[in-house]
Structures are given as structure tokens and as C-alpha cells.
Amino acid sequence: MHSKSGIDRAFARVGNLLSLWAALLAAYSTNQLTLLQKRWADFGSRPWVAELSRSARRLMVAIGRLDLRELSRTAPMQVGVGAALGVLLLAAVWAGVANGSQPAASTPESAVALSSEMADGAASAPGAELPADAPKVGIQAGHWKTNEYPAELAKLRSSTGAAGSGWREVDVNLDIARRVVAILDKSGVRAELLPATVPVQYEADAFVSIHGDANGSTSVSGYKAARATSSRIPEKDDALVRTIESEYQAATGLKKHPGTITQNMTQYYAFNKKLDHAVGDQTPSVILELGFLTTKSDRDLLTQQPDKVAEGIAAGILDYLGESGAVAA
Ligand SMILES: [Zn+2]
């Protein structure tokens, strides 16, 4: 047996201290990493961050459609101003994030509002407490804010909708659309109230446009639901048509009005793939004519029992989301 020398013992002690220190360092880093990950996840799940990144993606899509080289030849001034605004916006967003200030709704919305096509969706985006993966549904109030149509929809500005016995279609559409949004919101769906101008390449788990009908005869009655003839996702669109028809009929007692589905429905401008302000081709979309404003019984139903009408539409959408797996049925 021989005992360790003093030098050996000193080495052993330093070695022990080093490994203790390394273990402490490892534990500390793991802890910090977990904290960091959690903070990052919290940050990402804030609704305004999600909304901001969604609008940024849409903006990128919109920018992707521009031929920047061509544009800078024909309109260099506008491109310059646009780029400067973009830099300012980025700086503002960065400053807000770096501040770590949990902003009130005003900061993200004013940032988002700069992208004009987002303004309405953002302003009406409810349910800040909904989880980030909640299904998203767009409810369009037909003819609402036709004065805001962009140039590509200018020829629609004169199409202000039907009327019957003093009731304007746009008012009925908006009232019902608001009620549908409120019901969906309560059901855990991120529902957005949309005006006649759809945000550029609007993407959602479902899109329903709400309209009212008119007819020369004051005895025709019924509703109609249709999807685009040019749909890239006809099965999904048809499923949405089917669930809305079935629930709408059950809630309102209205019958389907046969044979009057027009091109205004099957080639509805919001379904037009050549337009920027239209739904994306992967968004299941339906246009619904609630009933005839020119027929007393239909008009009375739509104006005196709007909750019943809205419940039918919302139930149809929820059925579809359940079937398609967007929400647990
Ligand atoms: Zn209409």
C-alpha cells in the first residue's frame, strides 16, 4: 500500500471542485433553457403575435404578387415610399417587442391596420382568450362597406343589394352576420366579421358570405346555399353547403328555393381566383341567400327572429368544423 502524495490529493480536490462546478453549470443552463423556451412559447401564443405573423404572411403573399422591378420602373417614387414605410413599421414592431411591453390592443392593431386589407378583420377579431390553434371562420356581411371596394372591385360599387318593404339587405346581412360571429366566438371558434371586401387571399377553416334575396313575385320563399363552380376543394365546399343547409332548414323552417341559384352565387367575386381580394383556394367557402326580403313571411323571419336565423347558420358551420376535424365534435 502506498499513500497518495500531497500533490495527488491537491489534484483530486481540484478535480472534485471542477466536476461539482460543471454539474452546477449544467443544471443552471438547463433551467435557463427551459425558462427561455417557456417564455418564447408564451410570447408566440399571444393572440396579437399570432395575428401579426398572420398578417405579415398575407403581406408577403401580396408583395409576392407584385412585379417589383416593373413597379420600380413605372412608379419609383411609390416603391421608395412603400419601402420606407415598411422599414418604419418593422422598427416600430421591433421597438415594441424589445421593450417587452405587453402591449394593449392598440399597438398590434395600429401596426396591423397599416395593411389596409386587414383592418376590418383585426378590428372585429374577438376571443383574445381563445387558444392559438382555435379554428378560424370568416363571416362576410354581404354589401357591407361597398364604398371601401379596391380598384379591382370598383364595378361592384353600384351593387348595394336587395331591399324589401323598407328593409335594406345590407342591414339584415350585417345584423345576422354579427350574431353568427358572436355564437361561434362563444363556441371556441375564432370568428371574424368581414365586409364586402375580403382580405387579400383570405385563409380560414371556413368562409360564409351572407346575403338576402329579392324577387319580382312577393310569394316566393326559401333560402339557397352555393359554392364556387371553379372550386379547387369541391368535396369540402359541398360538405359545408350540406351542413349549413341542414341546420339552417331545421332552425328556420325555410325550404330550399330550387332553381334560382345564379351566377352571382356560383361565380361570386369573393371566390374569383383572379382577384387579390378573394378567399384562398384552400378555404372552404359558401354563399348563403337567407331568404327573400321581398316576401313578407321570409322578411319577418329575418328581421324579427334574427337569433333563430343566426343559430341555424352557426350550427351548420360548427357541424362542418366537427366533421372536418377542425374542432372536436
Ligand atoms: Zn346580396
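Residues numbered from 1 in each chain as written. Predicted model: local features only at pLDDT ≥ 70, side-chain atom pairs only at ≥ 80, totals over all residues. Heavy atoms only, no water.

Peer 1: Give a detailed account of unusual backbone geometry, specifying residues and quantitative values.
Peer 2: Not every positive phi belongs to a glycine, and K145 is a case in point at roughly 60°. Residue position: K145 is located in the loop between β1 (136-141) and β2 (163-164). One non-glycine residue, Q201, adopts positive backbone phi at about 45°. Within the fold, Q201 resides in the loop between β4 (190-194) and β5 (206-213). A relative accessible area of 16% places Q201 in the buried class. (Helix = DSSP H or I, 4+ residues; strand = E, 2+ residues; numbered from the N terminus. Buried < 20%, exposed > 50% of the residue type's maximum accessible area, 1.4 Å probe, protein only.)

Peer 1: Just give me the short version of the environment of A204, but keep the residues and values in it.
Peer 2: Here A204 lies in the loop between β4 and β5. By relative accessible area, A204 is classed as buried at 14%. Separated by 78 residues in sequence, A204 and Q282 place their C-alpha atoms 8.4 Å apart. Non-local contacts of A204, meaning those with residues more than four positions away in its chain, are made with K136, V137, G138, T283 and P284. (Contact = heavy atoms within 4.5 Å.)

Peer 1: Describe the packing of helix α10 (residues 296-304) against helix α11 (residues 306-324), naming the residues involved and giving the relevant values.
Peer 2: As a packed pair, α10 and α11 sit with axes 5 Å apart at the nearest point and diverge in direction by 85°. As judged from the angle between their axes, α10 and α11 are roughly perpendicular. Side by side, α10 and α11 meet where L301, L302, T303 and Q304 of the first sit next to P306, K308 and V309 of the second. Residues of the contact of α10 with α11, tallied by class, amount to four nonpolar, two polar and one charged. (Axes fitted to C-alpha atoms, helices over the stretch in contact; angles between N-to-C directions. Parallel < 35°, antiparallel > 145°, perpendicular 65-115°, else oblique. Nonpolar A, V, L, I, M, F, W, Y, C, P; charged D, E, K, R; others polar.)

Peer 1: So what about the sheet that holds β5? Which residues, and what values?
Peer 2: The sheet built from five strands is open, its strands ordered β4-β1-β5-β7-β6 with mixed pairing. Two strands bound the open sheet, and with one partner strand each, they are β4 and β6 (224-226). Neighbour to neighbour, the strand axes of the sheet diverge by 20° on average, direction disregarded. (Pairing = 2+ DSSP bridges.)

Peer 1: Summarise the coordination of the zinc ion; cite the residues concerned and give the values.
Peer 2: Taken together, H143 (NE2), E169 (OE), E169 (OE) and H211 (ND1) make up the protein donors of the zinc ion, found 2.1 to 2.8 Å from the metal. Within one chain, the residues serving as donors to the zinc ion are arranged as H-x25-E-x41-H. In this pair, H143 sits in the loop between β1 and β2 while H211 sits in strand β5, placing the two residues 68 residues apart along the sequence. By relative accessible area, which is 12% here, H143 ends up buried. (Donors = N, O, S within 2.8 Å, 3.2 Å for Na, K, Ca; no water.)

Peer 1: Tell me about the packing of helix α7 (residues 169-186) against α11, residues and numbers included.
Peer 2: Close contact between α7 and α11 brings their axes to 8 Å; oriented N to C, the two are set at 50°. Classified by the interaxial angle, the pair formed by α7 and α11 is oblique. Relative to α11, the crossing made by α7 is right-handed. Residues D175, I176, R179, V180, I183 and L184 of α7 pack against P306, D307, V309, A310, E311, I313, A314, I317 and L318 of α11. Across the contact of α7 with α11, the residue classes break down as eleven nonpolar, no polar and four charged. (Left-handed = near helix turned anticlockwise from the far one by under 90°.)

Peer 1: Outline α7, listing residues and values.
Peer 2: With 18 residues, α7 should cover 26 Å at 1.5 Å per step; its first-to-last C-alpha distance of 26 Å lies within 8% of that length. Of all the positions in α7, only E169, V170, V172, N173, L174, I176, A177, V180, V181 and L184 are classed as buried. Of the residues trailing α7, G188 is marked for its positive phi of about 85°. (Expected span 1.5 Å × (residues − 1).)

Peer 1: I'd like to hear about the pattern of salt bridges, residue by residue, with values.
Peer 2: Under the counting rule described, the total for this entry stands at nine salt bridges. Here R179 makes a salt bridge to D307, at a shortest N to O gap of 3.0 Å. Of this pair, R179 sits in helix α7 while D307 is found in helix α11, placing the two residues 128 residues apart along the sequence. The partly exposed category is assigned to R179, whose relative accessible area is 28%. (Salt bridge = Lys/Arg side-chain N within 4 Å of Asp/Glu carboxyl O.)

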